[in-house]
Amino acid sequence: MPRIALILALLGLVPFVGGAVANHVAEGGYLGWARYSMPVYAAVILSFLGGAQWGFALAPGGDHSWRSFRLIAAMVPPVAAWLVLLLPQITPQLRYLILAGCLVLWAVIDHLFARQGWGPDWYPRLRWPVTAAAALSLVAGSQF
């Protein structure tokens, strides 16, 4: 896997891990900010992951089989994340847990897509540990 992809993916965990810690140690306005920002960041990352699949589907010279299906499927993470943030009946704690589940579910889909040749073969090796850390951070952060 490209070293820069690994470095950037690890740096992308900082808001997840930092958010989980902040949810337990921050006070006052910082606590409110931490509890608000962590699910928003998870939604942004889900949108990014859907966009990555768009890139794989549209890359020149790549496998263009099932392109329409792949592009439509890639819209699921951002729409799901948006709904999780939007729906008022979802409690803040449940919002964290649903977003963690969405990250894991999309890692499964990314893995299946890569097995079909619809992305780089190294992509699941990058996604799984980063997804596990992000999802665990969301679970830990939800315990308030």
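Cut-offs and rules
Residues numbered from 1 in each chain as written. Predicted model: local features only at pLDDT ≥ 70, side-chain atom pairs only at ≥ 80, totals over all residues. Heavy atoms only, no water. Phe/Tyr/Trp six-rings, centres within 6.5 Å; stacked < 30°, edge-to-face > 60°. Buried < 20%, exposed > 50% of the residue type's maximum accessible area, 1.4 Å probe, protein only. Axes fitted to C-alpha atoms, helices over the stretch in contact; angles between N-to-C directions. Helix = DSSP H or I, 4+ residues; strand = E, 2+ residues; numbered from the N terminus. Parallel < 35°, antiparallel > 145°, perpendicular 65-115°, else oblique. Left-handed = near helix turned anticlockwise from the far one by under 90°. Contact = heavy atoms within 4.5 Å. Nonpolar A, V, L, I, M, F, W, Y, C, P; charged D, E, K, R; others polar.

**Student:** How should I be thinking about the packing of aromatic side chains in this particular structure?
**Tutor:** Centre-to-centre distance and the angle between the planes together describe a pair of aromatic rings. Within this structure, the stated rule accounts for nine aromatic pairs. When the centroid spacing of 5.9 Å and the interplanar angle of 80° are considered together, the rings of Trp66 and Phe69 count as edge-to-face. Using a relative accessible area of 58% as the deciding quantity, one classes Trp66 as exposed. Taken together through their ring pairs, the aromatic side chains of Trp66, Phe69, Trp106, Phe113 and Trp118 make up a single cluster.

**Student:** Even after reading the chapter, I still don't get the packing of helix H3 (residues 28–58) against helix H5 (residues 76–86), so can you show me in this structure?
**Tutor:** A pair of packed helices can be characterised by two numbers: the angle between their axes and the separation between those axes. Between H3 and H5, whose axes approach to 7 Å, the crossing angle comes to 165°. With respect to H5, the axis of H3 lies roughly antiparallel. Crossing geometry of H3 relative to H5 is assigned as left-handed. Contact residues: H3 offers Pro39, Val40, Ala43, Leu46, Ser47 and Gly50, while H5 offers Pro77, Pro78, Ala81 and Leu85. The residue inventory of the contact of H3 with H5, partitioned by class, reads eight nonpolar, two polar and no charged.

Remember that the coordinates give geometry; whether it matters functionally is a separate question.
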